[in-house]
Every structure is written in C-alpha cells, then in structure tokens.
Amino acid sequence: MAVGFEDYGPDCDSMRITAFLDIPGQDNLTPLARLEKYAFSDNVFNRQIIARGLLDVFRDFSHNEEDFLTVMEIVVRLSEDAEPTVRTELMEQIPPIAIFLQESRPKFPTAFFEYLMPIVVRYLTDVNNQVRKAGQEALLILLEQDLVAQSDIENKVCPILLDLSAPDSDDEYKVEAVNIICKMASMLSRTTVEHMLLPRFCELCSDGKLFQVRKICAANFGDICNAVGQEATERLLIPKFFELCSDSVWGMRKACAECFMAVSYTTSPEVRRSKLSPVFISLISDTCRWVRQAAFQSLGPFISTFANPSSAGLYIREDGTLSIRPPAQDVNANSCQPGNNITVMSSPANAALSSSEQPMDIKSESPTEETSAEIRTKLSEDLNKNPREESSACCASPGEEVSHLCQGDKAAAGATEGRKEESSFPGLSSDVFNTFLYWRPPLPDISQDLELLQFKAEKHNDACSVPCNNCVASSEIKKVLESLQEHIDDPDVQAQVQVLSAALRAAQFDSVGDCETKKMEDSTDNLQNKMILDETAVSDAACSRVQGDTHSSPASQDDISDQSSTSVLKGTDSEEQHRGTSVFLRKEQENNPPFEDDKSKLQDIIPQPLLDQYLSMTDPARAQTVDTEIAKHCAYSLPGVALTLGRQNWHCLKDTYETLASDVQWKVRRTLAFSIHELAVILGDQLTAADLVPIFNGFLKDLDEVRIGVLKHLYDFLKLLHADKRREYLYQLQEFVVTDNSRNWRFRYELAEQLILILELYNPNDVYDYLRHIALTLCSDKVSEVRWISFKLVVAILQKFYANSANTLGLNFINELVVRFRHCSKWVGRQAFAFICQAVVEEECMPVDQFVEHLLPSLLSLASDPVPNVRVLLAKALRQTLLEKAYFKSVGNPHLEAAEETILALQSDRDQDVSFFATIKLKQDNMNNITIEKQN
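Keep in mind it's a predicted model, so treat the numbers as computed, not measured.

Rules used in this analysis
Residues numbered from 1 in each chain as written. Predicted model: local features only at pLDDT ≥ 70, side-chain atom pairs only at ≥ 80, totals over all residues. Heavy atoms only, no water. Helix = DSSP H or I, 4+ residues; strand = E, 2+ residues; numbered from the N terminus. Buried < 20%, exposed > 50% of the residue type's maximum accessible area, 1.4 Å probe, protein only. Contact = heavy atoms within 4.5 Å. Areas by Shrake-Rupley, 256 points an atom, 1.4 Å probe, with all protein chains shown as cover. Phe/Tyr/Trp six-rings, centres within 6.5 Å; stacked < 30°, edge-to-face > 60°. Lys NZ or Arg CZ within 6 Å of the ring centre and 35° of its normal. Axes fitted to C-alpha atoms, helices over the stretch in contact; angles between N-to-C directions. Parallel < 35°, antiparallel > 145°, perpendicular 65-115°, else oblique. Left-handed = near helix turned anticlockwise from the far one by under 90°. Nonpolar A, V, L, I, M, F, W, Y, C, P; charged D, E, K, R; others polar. UniProt positions renumbered as here; feature names shortened; annotations may be inferred. Core = buried A, V, L, I, M, F, W, Y, C linked by side-chain atoms within 4.5 Å. Expected span 1.5 Å × (residues − 1). Bend = angle between axes of the 7 residues up to and from the residue. pLDDT = per-residue confidence, 0-100. Salt bridge = Lys/Arg side-chain N within 4 Å of Asp/Glu carboxyl O. Polar contact = N/O pair within 3.5 Å; in protein donor to acceptor, adjacent residues only side chain to side chain. Disulfide = S-S within 2.5 Å.

Side note on the overall build of the protein
Looking only at helices and strands, the protein has 51 helices and four strands in total. Put simply, the protein has 936 residues, and 54% of those count as buried. Considering only contacts in the protein between residues 6 or more positions apart, those separated by 24 or more positions represent 72%. Split by element, the accessible area of the protein, about 42700 Å² in all, is 50% carbon and sulfur.

Quick notes on the packing of aromatic side chains
How two aromatic rings sit relative to each other is set out by the distance from centre to centre and by the angle between their planes. The tally for this structure, following the rule as stated, stands at 21 aromatic pairs. Between Phe260 and Phe280 the ring centres are 4.8 Å apart and the planes differ by 70°, which places this aromatic pair in the edge-to-face class. Of this pair, Phe260 sits in helix α16 (residues 260-265) while Phe280 sits in helix α17 (residues 269-284), and the two are 20 residues apart along the sequence. Assessed through its relative accessible area of 0%, Phe260 is described here as buried. According to the relative accessible area criterion, Phe280 is buried, its value standing at 0%. Between the aromatic rings of Phe791 and Phe821, the centroid separation amounts to 6.4 Å while the plane-to-plane angle is 85°, which identifies the pairing as edge-to-face. Taken together, the residues Phe791 in helix α43 (residues 784-803) and Phe821 in helix α44 (residues 807-822) connect sequence positions 30 residues apart. Joined through ring pairs, the aromatic side chains of Phe201, Phe221, Phe241, Phe260, Phe280, Phe302 and Phe306 make up one cluster. In this structure, Arg77 is placed above the aromatic ring of Phe40, and the distance from its NZ or CZ to the ring centre is 3.9 Å. The ring of Tyr768 is capped by Arg772, whose NZ or CZ atom sits 4.0 Å from the centre of that ring.

Remarks on the packing of helix α38 (residues 704-712) against helix α41 (residues 745-758)
Between α38 and α41, whose axes approach to 10 Å, the crossing angle comes to 20°. Here α41 runs roughly parallel to α38, going by the angle between their axes. Here the hand of the crossing between α38 and α41 comes out left-handed. Between α38 and α41, the contacting residues are Asp704, Arg707, Ile708, Leu711 and Lys712 on the first element and Phe747, Glu750, Leu751 and Gln754 on the second. Here the contact of α38 with α41 is composed, by residue class, of four nonpolar, one polar and four charged.

Re unusual backbone geometry
The backbone of Ser805 sits at a positive phi, close to 60°, despite the residue not being glycine. Inspection of the secondary structure assignment puts Ser805 in the loop between α43 and α44. Judged by its relative accessible area of 63%, Ser805 falls in the exposed class. Positive phi values are uncommon outside glycine, yet Glu844 reaches one of about 50°. Summarising the element assignment, Glu844 is placed in the loop between α45 (827-843) and α46 (848-854).

Let's talk about the UniProt feature "repeat: HEAT" (unreviewed entry) in the protein
In the UniProt entry, the feature "repeat: HEAT" (unreviewed entry) is given for residues 197-236 and 855-878. Helix makes up 82% of residues 197-236 and strand 0%, with an end-to-end C-alpha separation of 12 Å. Helix makes up 67% of residues 855-878 and strand 0%, with an end-to-end C-alpha separation of 13 Å.

Points about the nonpolar core
A general tendency of soluble globular proteins is for nonpolar side chains to be buried together. With 220 residues, the main nonpolar core has Phe221, Tyr614, Phe851 and Leu859 as its most contacted residues. Considering every element that reaches this core, the biggest residue donor is helix α37 (residues 666-700), with 15 residues. Dropping the residues within four chain positions of it, Phe851 is found in contact with Cys837, Val840, Val841, Met846, Leu856, Leu859 and Leu882.

Focus: helix α7 (residues 111-123)
With 13 residues, α7 should cover 18 Å at 1.5 Å per step; its first-to-last C-alpha distance of 18 Å lies within 8% of that length. Its axis deflected by about 35° at Met117, α7 carries its strongest bend there, up to four residues before the proline Pro118. Residues of α7 that are buried: Ala111, Phe112, Phe113, Leu116, Met117, Ile119, Val120, Val121 and Tyr123. On its buried face, α7 is in contact with α5 (65-78), α6 (84-103), α8 (129-144) and α9 (150-164).

Some remarks on the packing of α5 against α6
One can describe the packing of α5 onto α6 by two numbers: an axis separation of 11 Å at closest approach and a directional angle of 145°. As α5 packs across α6, the resulting crossing turns out to be left-handed. Of the residues in α6, those in contact with Phe68, Met72, Val75 and Leu78 of α5 are Val86, Leu90 and Leu101. Residues that form the contact of α5 with α6 fall into these classes: seven nonpolar, no polar and no charged.

A few points about the confidence of the model for the protein
Across the protein, the average pLDDT comes to 74, with 64% of residues at 70 or higher. Between residues 1-15, whose pLDDT stays under 50, and residues either more than four places distant or in other chains, the model counts 29 contacts. Low pLDDT (under 50) marks residues 463-470, which in the prediction has eight contacts with non-local residues, meaning those over four places away or in another chain.

With respect to helix α48 (residues 868-881)
Under the 1.5 Å per step criterion, the end-to-end length of α48 is 19 Å for 14 residues, consistent within 8% with the ideal 20 Å. With ten of its 14 residues buried, α48 lies for the most part within the structure. Within α48, the full set of buried residues consists of Val870, Arg871, Val872, Leu873, Leu874, Ala875, Ala877, Leu878, Arg879 and Thr881.

Points about the environment of Ala33
Within the element layout of this structure, Ala33 appears in helix α2 (residues 31-39). On the basis of relative accessible area, Ala33 is assigned to the partly exposed category, the value being 29%. Note: C-alpha distance between Ala33 and Thr70 (37 residues apart in sequence) is 9.9 Å.

Examining the pattern of salt bridges
Inspection of every chain in the model, using the stated rule, returns 26 salt bridges. Put simply, Arg77 and Glu36 hold a salt bridge, and the shortest N to O gap is 3.3 Å. Of this pair, Arg77 sits in helix α5 while Glu36 sits in helix α2, and the two are 41 residues apart along the sequence. Exposure remark for Glu36: the relative accessible area of 33% places this residue in the partly exposed category. Put simply, Arg748 and Asp781 hold a salt bridge, and the shortest N to O gap is 2.5 Å. Placement of Arg748 in helix α41 and of Asp781 in the loop between α42 (764-779) and α43 is noted, with a sequence separation of 33 residues between them. In this structure, Arg748 and Asp781 share a single accessibility class: buried. Salt bridges sharing common partners tie together Arg132, Glu172 and Glu176.

What to know about the environment of Cys824
Residue placement: Cys824 occurs in the loop between α44 and α45. Classification of Cys824 as partly exposed rests on a relative accessible area of 21%.

Details of the side chain of Thr305
Tracing the chain through its elements places Thr305 in the loop between α18 (289-304) and β1 (314-316). Among the polar contacts listed, one links the side chain of Thr305 to the backbone oxygen of Phe302, at a separation of 2.5 Å. Setting aside chain neighbours within four positions, we find Thr305 in contact with Met261, Ser264, Tyr265 and Arg272.

Examining the state of the cysteines
Applying the stated rule across the entire model yields zero disulfides. Looking at the unpaired Cys202, the closest cysteine sulfur is the one in Cys205, lying at 6.1 Å.

In structure tokens, the structure reads:
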C-alpha cells in the first residue's frame, strides 16, 4: 500500500487530491488528519501536491465549518513552508480559492480577508523571486476580480508597495514594485491612485539611479494618466512626461513615443496642441533610429486624438464602427471638446457635405430659425470661453467675407446669400454639423452683412487705387456667368463656367491683392495676438499664374480654383506656442506664401508639422532611414487621420492615399483595401465617387491578398454609392469567383456571404440577370462549405423575388433549380435540392401555395433516390421542418397525405439512418407522452 503521492508522478494536475485522502484501509487516520499528515510531510513532493490541490480540499470540507477552519489553518501553516516551490504552488491556488470563497460568502464571509489576504501581502516581500512574482500575479487577479476590500488596498497593499519603491529600497524590489504599481493603477479608484500612488510615481519618473525604473514608468505612462484623469495629468504628470521624452537613454524616449496617444487622449485640446505637439515633433526627429521608428508608428494614432467626429456629422457606435449621425441628433449635439480648433471650410466642401448623405436615406429636417445676429451672439459667447478660438474667429471672419465677394467658381456663380452663411465657422462647438450649417441653405437676413461687405470692398479699392477697369470686367463676367446657369448641365457650358470663374477670381483678386499684402507686412508685430486669414493673398498668386499661362486647360484652372478655396490660418495662441510647431508654421507662411501644391496641404485642424511628417511617411527615403514598413503604418492609420481632418481637408491626404494605393508592397495595398469602406463613410458619396472608386476598381484586379480586403466589406462600400454607380459593379462581381489559387475556398465563401447582404442593394431584375449566375456557380463548388453557404444565398434570392412581387422571376428561378439540382446526375446536387427546399420552408421566403405547387412534388420524388444520403436529408426536411408547419398540420390538407405517405415509406427504408431520421420526431413525441403519463 502506498504511503504518499509518489506513485502518481509529477503530471497529476488533474488528479483529485481528496480522492486519495478518502481511500479506506490505508491507515487509521481520518481524511482531514491524513491531509495534515501529507501537508507537513518531509517529502517536498507531497507538500507540493497538497498545495496544488487545495481548491478541491476546500470544496470537500466546506460543508462543515469546523473542518473548514482546520483546513484554513493548514493553509496558513503551509504558506510558511521553507521550500519556495511549495509557496509558489500555494500562491497560484489563492485566486481560484478566493473566487470559491466569494461564491460561498454567506458561509464564510471573512475567511479570505482574515486568512488568505495576509499571505498575499506577505509574499510581495518574499526573499524568493519566483514566489514574489507569483504573489504579484495573484494580487493583480484578485484586484481585477474586485475581491480585495478597499481598506486592505489602502492599509495593507499600498503601504507595502510604497516601502518597496522607496529611494533607499533594494533595486530589484524597486523595479518589481513600480511595475506592480503601474499595472494595478487601472484597477483602483481614482482617489486611491491620486492620493497614495501618484506622488511616488512622479518620484520614480525622475529616478536617477535605475533607468529600468524610468523605463517602466514611461511604458505605462498612458495607463497612469487614464487612471488619474485630465486635471492631475496636466498638473503633475505632463512635466514628468516631458522629462522622460528628453531622457538621455533612447529606450525611455522610445517608450514615450509608443504611449504618446494614450497620454494625449487624457489632455485638453490646448495642451495637446501647444505642448504635446512640439515634443512629438522632437521625437520624430530624434537622433536614434528606433525612437524615430516608434514615433512614426504613433504619429497617426496621435493625430487621431485631435479628431471630433461630430464636426463631420459622424459618430462612433458602442461596437466601434463609424456611422453617420442623423440630423435630429446634430441639432442638439454639443459633443465638441472645449478648445477644438475652428474649421473654416469652403463652399464646395460644404456642398459635398450637404449631399453626401443621400444614399444613407437620412432625411434632412427643417432649418433652425436663427438669424445671423443670433449666430453672432452665440459665437461671441463660445469664443469668450477660449482665447485661441476668439482670436482665430475675429480675424478669420473678414477674410472669409472677402473671399465670398471674390468667389468665382461654380459654387459662387449660382450661389445665394445663404451659401455664404453656410461656409462660415462650421467647426464651432455650439454648431457642430447641425441642420442650419449643412443640410439646407438657410434664408437669414443678411442685408447688414452685405452693406458691411460692400463698404469693405470700397475701402479696399480706395486704399489700393485699383483702376475701374477691373470692376467693370468683374461685373461683366458675373453677368455672363448668371446667363450660363440655366444651361449648367451641358458639359461645354460647364467648361466655359470654369474658365470664366478663374478669370473672375483673377480680376477681383487683382483689386485687393496688393492691398492685402501691404496689410500683412504692416501687421507683422501684431501676429502674436491675432490670426489673419491669408486666403486672399494666396488666391491672388494662384490667379496671377492663371492669367500668365494662356494655354492652361480648363481642368487645370478648375484645380487652381478649388485649391484657392481652402482657408489658411496663421498666428499663435500664447507664449508657449511661440516655440515648436506654431513658430515654424507661422514663419513658413510669412516667408513663403503657399502656392498650388504646397497650399493644398494646409489646414488648421492639427499642427501643420504633424501633417507634414505624416505625409512624408510615403517618401522612399523614410523606408531607408526609419522603417521598411513605414508605408504600412501610414496606410493603417490613414482613416483615423482622415476622420480628424474631415472631408473638407481631404485634399491634404488625397495624393498620399493614391501613392499608398499604388505601393509596390501588397501589404500596404491590403491595409488600404480593408479600410476603404470606413474612409468612404468619412468622405461621403461625392468624394468617394471621385477619389475612392478608381482605387477601389484597382483593388478588384489586384492580388487575392488585396482583393480579400475589398471583398470582406464589399456590401459596406457599395451601399455608400449612388444607385447608378453601384449598378456598374454588377458585372464585375463575377470576377470574384476566379481566384489566383483555386484552393483558396475561403475567398469564395466570403463572396457568398457578401452576396447575401448585397441582394438588398439591387432590384429583382438585376439580381436575376447578374447575381443568379454567380449563386448557381458557387452552388457547384468543389468545397462543401462553399456549397452550403451558397444554398443559403439561393434561398435569399428567392426571398428577394417574392418579397418584391417578382413572382415570374421567382418561378423561372425555381424551374432552373429543379432542372439543375433535382435532376442532377450527381447525388450531391440532389441532396442540395432537398436542403434548399428545407431552407425555403424554414425561412418562409415564398408563399406556401407556390411551394406546394412548384417544389413539393419534386421534393417528395426524392424518396426513391438510390443514394441513402439524399433520402436522409429528405427525411430531415420532412420530419423536422415541413410537417411542423401549421399549413401541413391542418385537417383536410390535400398535400398532407402525400407527405405522410412519403414519411411512412422512409420509416421502413432499408437504410438505418434514413429510417432513424424519419421516425426520430415520432419517438421524441412518444417519450414526452410517456413522461407525462409517469408524472400523472
């Protein structure tokens, strides 16, 4: 007879310890005494096994309180074992034991806090490294499960960690303590972290003795910021974060770059723009390549923290998907973060916003009844809250008004006065994407504004001494443009309008360009307190090039006209913004006014140097000096950057997106293919049709690794297009059936799943002419998984026909199914027919009278099929689905008799499986009846 656990061997994790303790005749000891004997045996292996099986011991001895307390005392004694492996095994069992005790709390309400929690705290200072790590892991699990009382955290756990992380503590203990502090911060209350752990964390960030301590602090800085909130982050943590970002050890700077987005997320927009952005620029230009690599990887996520989806009429659902906000929610929406920048948009951008939501079936509501005076009052109230917004708004308004006087493109040629109001200050927090600004042009009283604008125009003309010839030319061109508006649908007329628009802008900007330039030179000393809209001067330069180049095409002139409608803000916020990005951006704009391509990359949502660095990620030189996969990181974060900038600034990213879409690395193109549907939501239908559809078409002809990204979200992309554009893809869908590798069956499986969703986007005739052939092809696939999902697609097509009263198409499709599958020479086709009929009945996708007339006779004829697998599926279809419908249960149904005869024939089938499935339902009913009789 064995006297220990030796016979069980080391691989006894699944062994139930109490089973051995209950073996009779082994000795004269009770199970509890036997447990105590082996718990303190001289054999280390016996003690390890007892420690490993403590959970089973508690479960078996928890019914008696006296035995339970005895086991708990054994555990306390076992925790003092001299062998580290025993203590480690014991600590690994503490979390499951604590969960068990929590479930049994009514019996033992304080057992864990009195006996087990002191063991966990004591093991945090154990002399053995393995035991300490086991104690730390157990503590984190207990905190995550919320099993530790707040009093124990404040009075037992935190004091121990503070002692271990003290300046005079042992280096190894200090590193472990700061690591556990950072990990447990997210599991504690904000008050506990801020009052007890935050001061010590700030000290550890400046630890000059061990760089490992500072590195752990840098790596977990974002979690600490999130735990303490914005106020404590900006007051205490941001200065420490800047110290770490400039640390002499490159590993610290790299860790800071990796967590930059998390830190930025917990700060205010002002701090994010004025303090964090310059620091991030310094990390991007760091001397260490690894720091630059981490910074570029975090650049896109950091830019995304500037985002305000509400300003683009979007919102993020709970599941993380991006959706278009209905107008009713936007009227009362005030989700813009305080301090967000004012986004000045041009009229064409607003026009795109206004019509881009039509495919989403969002109905616009009536505009709010606000006059321009009320808007100005609201703006003044909002701007007083933020000095930066106030300065930018006060200076942007005159420039915006002048730009509307001089507007000569298509939007201004036929625009009403309401269009002017529509393009003014659309990014303010009080009016973020509401119906007044975007959904339909309002009709405010702007007579006073017009008088003011006329006065300013006269003042400009007087100051600059412009000849009257320009005014006469402008008025003549306006008259011609107005006369052409009635025939604007004619492409030739559109070309003429584009040319005349450029000429109008040139004539008007000639009258104000010199004056505006002089005004900018005279106000250089005031640029620190004001922000000046530089659109007039820039447009003057662009239009002068149009006049100088007499051979430029209408298309090029239109591009210049579109570019010149972008607003450029210059200036600074405070003395802190005189450094870094703000000074760089202001000096560049003062010394080198933007022209054409340079101007098309300017915006005012994020600091311009951040965008410039992001756009440079596609530069081949970056792959050599920073990271070979930097283009992939750029592609991965591009939807977030696009959401941040908004569709009105898409021109900043368009060239970069096209460069990435043509990258030689298929991984880069694959990344874009997986996110093109999200980008389409951000841009709206007009920009999608113009810029994304050509790239989408290119992805359709790419490698399978790229095409799968488009295919997985094919429905999401197509539903965003207009019906006419969407219909162009009907013929191209069949190209997905052909793959580079015929073994790639999951590609065809995904196609079938997407087609089930896509059916709702097309009318029954298009489905019959195009999608029907694809479905039937997939039904004959070599892989069974593809065939089964394709059968569901066939059923969905039938449902589409009959739901839209296309009975003729449905009948034709049924006849084709009968010919192709019921009379198929292969048994797999006949089996598919039985499955399709069963699915049709389950989904009720067609009228029952149509089913019994056109499908039921062919289905019942499968009872004489020579292949048992076909008859098995027929038996399942009849017994489990068909006969359970109310139609076939009604008395006197003429089709019920034929179905019952078929079932009886299948019940007596020579194949056991067929007879089993034909009678299994009957046997279940009989068993239920027998059970009821026994109960009675």
